[in-house]
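One letter stands for each residue in the lines below.
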Amino acid sequence: MERAKYSLNAKYLLLFIIVCLLISLAFERIPKTYRKFMPPHKSNVCSSRLSDQTITPLNNTKHFMVSAFMDQRVKGFDIRIISIFRRDSIQPLHCLFCCVDHLSDTTPATVLVHSDHFDFPYGATDVMCQIPHNCNATHVTLVPDTVRPTNPTWLPLRNKKTHEKNKRFEFNFTVCISALFGGYNNVLQFAQTLEIYRLLGVGRVVVYNNSGGPELSRLLHSYSQEGLVELVQWPIHNYLNPSPGWQVAVHGGELQYYGQLVALNECIYRSMERSRYVLLNDIDEIIMPYQHDSLTSLMDTLQPQHPNTGVFVIQVIIYPKKTTEESNKGYVDAWRQVPGFNILQRIYWEDRNKDQYHPHKMLVQPSFVEQTSVHEVLKAFGESYKIPEKMCHIVHSVTNRLIERPLEELHLDKRLWDFKDRVIPRVTEMLRKTGLLSSEEEADRIN
């Protein structure tokens, strides 16, 4: 009897040892990447520190996160985190996810610094990751390879809707403006540009604002309340020494043009589920159709002709200041005290020298774009097409020119005047609403 009992206990002991060995072997088969941060599976750990900033420092690194988006267009990845990385300090990183009911295991991150960085120390960067199985992710953060996260800052995961071929967008056209800095205060030009874009079919203008002037800030607030402008605060100066230009040897600083490239890419992904097209141009530029009444009719013509095209390239043409009897017909006396200049008086354009660089900007379908620079898309999924200048080009109303050309070297173009009768009262109304016109009597003094 004792011998049988001893034999039974020995069998149980042997079975226990075998089970322990199997568990140990199974654990060893889990890649270190995935078990480095075996988390406590609690649903409330993700809500401890949610980022409400547009720029979020990444702990224990020299890098910054901006925003995170679902993006399954590249095989092997589920999300893309738009970031700002110091290019000489790239280190192994992992993604950690908040799932609906638990904290995930980590997955390895792929860091893709954009090829256009103009030799500045910091550059626009994409961080790509997979979402673990059985995780309905709501938030994500990045963690260094050798540091266990104690209190990470989480980014909300956007663009979680499914991509549909014939989906209905909230907006047909969005304009991305990046980035206002240095106390930019050209109120009059800004208001005119917004109203002309509204007439051309634009439903949303995203403005990355670092330090607009006081009057412009009031105008932006009014347009934001109205729903045309989506204002994104862009305090890049709190984290880096941003450059006011694009040449590091000339302008200095750590990041090109106050993070222009970062903002443009962020705007594309911010708009991907909401807008059919995105216009990538500066605030002193208007993408103007010349053979169509609106951008809508222009693209209704071009897109069926180029069904696989997602990037439409548009030539920039300079419209300098030139005061003549004809240009003075665009003058509006009511606006004489408003900061900025009147683009309705920009009715002459310059020929480009053959040996000069011919800049251009773009109108894109966001879902076709992976990475963009200022004048070209760096990575795309479709084709590109350059729109003929006579059909559409960019009216670039420059602030000043080093060399003023004689009138006989300029070409008359009064296309902006096609909108004059509708733009003048609308701009006047917005200026009055924001308190930028001294009196209603003055507002009524319109030539």
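Residues numbered from 1 in each chain as written. Predicted model: local features only at pLDDT ≥ 70, side-chain atom pairs only at ≥ 80, totals over all residues. Heavy atoms only, no water.

- Where an unreviewed UniProt entry is consulted, the chain appears under the name Glycosyltransferase family 92 protein, with the organism given as Betta splendens.

**Focus on the nonpolar core**
Part 1 of the reasoning: Residues Leu295 and Trp335 are the most contacted members of the largest nonpolar core, which totals 62 residues.
Part 2 of the reasoning: Top element by residues in this core is helix H3 (residues 187-200). It accounts for 8 residues.
Part 3 of the reasoning: Apart from the residues within four sequence positions on either side, Leu295 is in contact with Phe173, Tyr197, Leu200, Val202, Leu279, Ile287, Pro289 and Leu363.
Part 4 of the reasoning: In this structure, Val66, Leu264, Tyr269 and Val311 belong to the second largest nonpolar core, which totals 35 residues. (Core = buried A, V, L, I, M, F, W, Y, C linked by side-chain atoms within 4.5 Å. Buried < 20%, exposed > 50% of the residue type's maximum accessible area, 1.4 Å probe, protein only. Helix = DSSP H or I, 4+ residues; strand = E, 2+ residues; numbered from the N terminus. Contact = heavy atoms within 4.5 Å.)

**Digging into the pattern of salt bridges**
Part 1 of the reasoning: By the definition in use, this model includes 25 salt bridges.
Part 2 of the reasoning: In this structure, Arg426 and Glu226 form a salt bridge, with 2.3 Å as the shortest nitrogen-oxygen distance. Here Glu226 lies in helix H4 (residues 214-226) and Arg426 lies in helix H8 (residues 420-433), a separation of 200 residues in the sequence.
Part 3 of the reasoning: Under the relative-accessibility criterion, Arg426 is labelled buried at 17%.
Part 4 of the reasoning: Among the residues examined, Glu226 registers a relative accessible area of 32% and is labelled partly exposed.
Part 5 of the reasoning: Residue Asp333 is joined to Arg336 by a salt bridge in which the shortest nitrogen-to-oxygen separation is 3.1 Å.
Part 6 of the reasoning: Here the salt bridges do not stand alone but share partners, grouping Arg158, Glu170, Arg204, Glu230, Glu266, Arg270 and Arg274 into one network. (Salt bridge = Lys/Arg side-chain N within 4 Å of Asp/Glu carboxyl O.)

**Concerning the packing of aromatic side chains**
Part 1 of the reasoning: One pass over the structure, following the stated rule, counts 9 aromatic pairs.
Part 2 of the reasoning: Consider the rings of Phe181 and Tyr258, whose centres lie 4.2 Å apart with planes at 5°: the pair is stacked. Residue Phe181 is located in the loop between strand S10 (171-180) and H3, and its partner Tyr258 is located in the loop between helix H5 (248-251) and helix H6 (260-271); the two are separated by 77 residues in the primary sequence.
Part 3 of the reasoning: A relative accessible area of 21% places Phe181 in the partly exposed class. (Phe/Tyr/Trp six-rings, centres within 6.5 Å; stacked < 30°, edge-to-face > 60°.)

**A look at H4**
Part 1 of the reasoning: Here H4 spans 19 Å end to end across 13 residues, near enough to the 18 Å set by a 1.5 Å rise per residue.
Part 2 of the reasoning: For H4, the full list of buried residues reads Leu216, Leu219, Leu220, Ser222 and Tyr223. For H4, the arc enclosing every buried residue in end-on projection is 160°, short of the 170-degree limit, so these residues lie on one face. Facing away from the buried side of H4 by over 90 degrees, the exposed positions are Pro214 and Gln225.
Part 3 of the reasoning: Tucked inside the fold, the buried residues of H4 contact S10, H3, strand S11 (204-209), strand S12 (229-233) and H8. (Expected span 1.5 Å × (residues − 1). Arc of directions from axis to C-beta.)

**What to know about the side chain of Thr56**
Part 1 of the reasoning: Relative to the assigned elements, Thr56 resides in strand S1 (residues 56-57).
Part 2 of the reasoning: Here Ser51 takes part through its side chain, which lies 2.6 Å from a polar atom of the side chain of Thr56.
Part 3 of the reasoning: Setting aside residues no more than four positions away along its own chain, Thr56 makes contact with Ser51, Phe64, Met65, Thr153 and Leu155. (Polar contact = N/O pair within 3.5 Å; in protein donor to acceptor, adjacent residues only side chain to side chain.)

**Digging into the state of the cysteines**
Part 1 of the reasoning: Enumeration according to the criterion identifies 3 disulfides in this entry.
Part 2 of the reasoning: Two residues, Cys95 and Cys129, share a disulfide whose sulfurs are 2.0 Å apart. Because the torsion about its S-S bond is 85°, the bridge between Cys95 and Cys129 counts as right-handed. A residue pair is termed long-range when its members are at least 10 positions apart, and Cys95 in strand S4 (residues 93-99) and Cys129 in strand S7 (residues 122-129) qualify at 34 residues. Accessibility classification places Cys95 together with Cys129 in one group, the buried group.
Part 3 of the reasoning: Two residues, Cys99 and Cys135, share a disulfide whose sulfurs are 2.1 Å apart. On the sign convention where negative means left-handed, the S-S torsion of about -100° between Cys99 and Cys135 marks this disulfide as left-handed. Taken together, the positions of Cys99 in strand S4 and Cys135 in the loop between S7 and strand S8 (137-144) put the pair 36 residues apart, joining distant regions of the chain.
Part 4 of the reasoning: We classify Cys135 as buried; its relative accessible area is 12%. (Disulfide = S-S within 2.5 Å.)

**Some details on the environment of Trp335**
Part 1 of the reasoning: Along the chain, Trp335 turns up in the loop between strand S15 (309-319) and strand S16 (348-350).
Part 2 of the reasoning: On the accessibility criterion, Trp335 (2% relative accessible area) is buried.
Part 3 of the reasoning: Residues Trp335 and Leu436 lie 101 residues apart in sequence; the distance between their C-alpha atoms is 9.0 Å.
Part 4 of the reasoning: Not counting residues within four places of it along the chain, the set of residues in contact with Trp335 comprises Leu188, Gln192, Asn342, Leu344, Ile424, Val427, Thr428, Leu431 and Leu437.
Part 5 of the reasoning: Separated by 3.1 Å, the side chains of Trp335 and Thr428 make a polar contact.

**A word on H3**
Part 1 of the reasoning: For H3, which comprises 14 residues, the first-to-last C-alpha distance of 20 Å matches the rise-based estimate of 20 Å (1.5 Å per residue) to within 8%.
Part 2 of the reasoning: With respect to burial, H3 is a largely interior element, 12 of its 14 residues being buried.
Part 3 of the reasoning: If you check which residues of H3 are buried, you get Val187, Leu188, Gln189, Phe190, Ala191, Gln192, Thr193, Leu194, Glu195, Ile196, Tyr197 and Leu200.
Part 4 of the reasoning: Where H3 terminates, the next one or two residues include Gly201, which has phi positive at roughly 110°.

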